[in-house]
There are 2 protein chains.
Amino acid sequence: MTMQPANLGRLYLVPAPLDFGCDELAPLDEVMPAGTLRVAARIQHWVCENAKTSRGYLKRINEIYPLTCALQALSITELPREVHKKGDHQGEFDAKHLLGPALAGHDMGLVSEAGMPAVADPGASVVKAAHDLGLQVVPLVGPVSLLLALASSGLNGQNFAFVGYLPTDATDRIKRLRELESLALKTGQTQQQS
Amino acid sequence: MTMQPANLGRLYLVPAPLDFGCDELAPLDEVMPAGTLRVAARIQHWVCENAKTSRGYLKRINEIYPLTCALQALSITELPREVHKKGDHQGEFDAKHLLGPALAGHDMGLVSEAGMPAVADPGASVVKAAHDLGLQVVPLVGPVSLLLALASSGLNGQNFAFVGYLPTDATDRIKRLRELESLALKTGQTQQQS
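In this report, we go over the structure that sits alongside the text.

Rules behind the numbers
- Residues numbered from 1 in each chain as written.
- Chains lettered and ligands numbered in written order.
- Predicted model: local features only at pLDDT ≥ 70, side-chain atom pairs only at ≥ 80, totals over all residues.
- Core = buried A, V, L, I, M, F, W, Y, C linked by C-beta atoms within 7 Å.
- Buried ≥ 20, exposed ≤ 12 C-beta atoms within 10 Å, placed from the backbone.
- Contact = placed C-beta atoms within 7 Å.
- Pairing = 2+ DSSP bridges.
- Helix = DSSP H or I, 4+ residues; strand = E, 2+ residues; numbered from the N terminus.
- Axes fitted to C-alpha atoms, helices over the stretch in contact; angles between N-to-C directions.
- Least-squares fit on C-alpha atoms with pLDDT ≥ 70 in both.
- Right-handed = clockwise from strand over helix to strand, strands pointing away.
- Expected span 1.5 Å × (residues − 1).
- Arc of directions from axis to C-beta.

The nonpolar side chains of a soluble globular protein tend to be buried with one another. Grouped together as the largest cluster of nonpolar side chains are 97 residues, with contacts concentrated most on Leu11(A), Leu13(A), Leu147(A), Leu11(B), Leu13(B) and Leu147(B). Aside from chain neighbours lying at most four places away, what touches Leu147(A) is Met116(B), Val119(B), Val144(B) and Leu147(B).

The following block contains the structure:
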């Protein structure tokens, strides 16, 4: 977190529950802290992975903490398609233009379809842009699938790597798995894939 | 998670808030989901990093969700000192004997001083032992400092490594930092230290 002038909005990283696409949804306040839901309920400007999913999430929040502003009146901007496809984690995409509302003094929220934005999900470019613009970035507590899986694996949690998606091609995939296996055996570093 | 006979207890991984050692404590129900606190309030057998800290955490939970069993009557077992010092993440320590209550049908909790047990904290040996014994391992949602830091860094969150503590010796420390820098530049993998 960096300090910032009072006339700038903050960028909140808002985790989403992990039941995305499930038939049965968990009660939201069982898996999300009240602090996270309460902040989300008052944010009026969003950058997201998927607008439809985000609206669905905000509807669920509204049942517990009424939104400050009607759902229809919220500004919800999707990250562009190129970011979904190729990812935005290497700094290729300049997201500064998405943060106009924060420069105008409004708090903003970044949200992905499930879990923590910018971790194994799009959003890192937006966080980077916020830092470039001198905005305060505030991560909120919520579920993160890769962390829950790592903790419950019983594998080394003092030295681990998350390496994203494996290649889809069968030969490349086997080659990559062998590489990761050899790295794990040589270094003792847990290797986790998407 | 593995399915298990009904006569065995589960091992719950219970995250703790990150305000450990801070002068001002956050309201617990702002940063922890109700589901996590409610499960913790009914667990009577604990394995922990530090018994004093764990009692303090359970006292705070008791103010929101009364504990099923009086604090004085809980069984709270500390991981042995050797595990604190050298870590228990490489499978050196056999923790099976700590899981007796679960074998006798009682749910158990694993908790560290702050954040998620077994991730950048002791506990992996207990999780491994639970798997060896065929116990169901259930991770609960809560704050994890390294994840919050990673998400708000704006760095690559699709490929990252957590590498634990740096060497304390100045020369070794510089050497290790240069290694990690070169790895980050070569592979684009974010490198995060304790």
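This paragraph deals with the sheet that holds strand 2 (residues 45-48) of chain A. Residues and elements named next belong to chain A. Across the sheet, which stays open at both edges, the five strands sit in the order 3-2-4-1-5 with parallel pairing between neighbours. Strands with a single pairing partner mark the edges of an open sheet, and in this sheet they are strand 3 (75-78) and strand 5 (137-139). In this sheet, adjacent strand axes meet at a mean angle of 25° when their direction is disregarded. Taken together, the three bridges between strand 1 (residues 11-13) and strand 5 define a ladder with parallel strand orientation. Note on strand 5: the bridge partner recorded for leucine 13 is proline 139.

What follows concerns the relation of the copies chain B and chain A. One chain copy maps onto the other through a rotation about an axis and a shift parallel to that axis. The operation relating chain B to chain A is a screw motion whose rotation component is 180°, with 0.0 Å of axial translation and a residual RMSD of 0.0 Å. Seen this way, the second copy is the image of the first under a two-fold rotation axis. The residues that chain B uses at the interface reappear at the interface of chain A in 100% of cases, marking a shared surface.

As a further point, take the pairing of strand 2 of chain A. Residues and elements named next belong to chain A. Burial along strand 2 is two-sided: His45 and Val47 and Trp46 and Cys48, pointing in opposite directions, are all buried. Both strand 2 and strand 3 contribute to a ladder of four bridges, which runs parallel. Opposite tryptophan 46, over in strand 3, you have isoleucine 76 as the bridge partner. Once you follow strand 2 into helix 3 (residues 51-62) and on to strand 3, the crossover reads as right-handed.

What follows covers helix 3 of chain A. All names here are of chain A. For helix 3, with 12 residues, the first-to-last C-alpha span of 16 Å sits near the 16 Å given by 1.5 Å per residue. Looking only at helix 3, the buried set comprises Ser54, Tyr57, Leu58 and Ile61. Along helix 3, the residues classed as buried sweep out an arc of 100° about the axis, all on the same side. Exposed side of helix 3, more than 90 degrees from the buried face: Lys52 and Lys59 are the residues found there.

A sheet is described by the order of its strands in space; here four strands give the open sequence 7(A)-6(A)-6(B)-7(B), paired in mixed fashion. With partners counted over all chains shown, the strands left at the sheet margins are strand 7 (190-192) of chain A together with strand 7 (190-192) of chain B, one partner each. Going across the sheet, the axis of each strand differs from the next one's by a mean of 15°, ignoring polarity. Direction of pairing for strand 6 (residues 160-162) of chain B relative to strand 7 of chain B: parallel, over a ladder of three bridges. Paired with Phe160(B) across the strands is Thr190(B), a residue of strand 7 of chain B.

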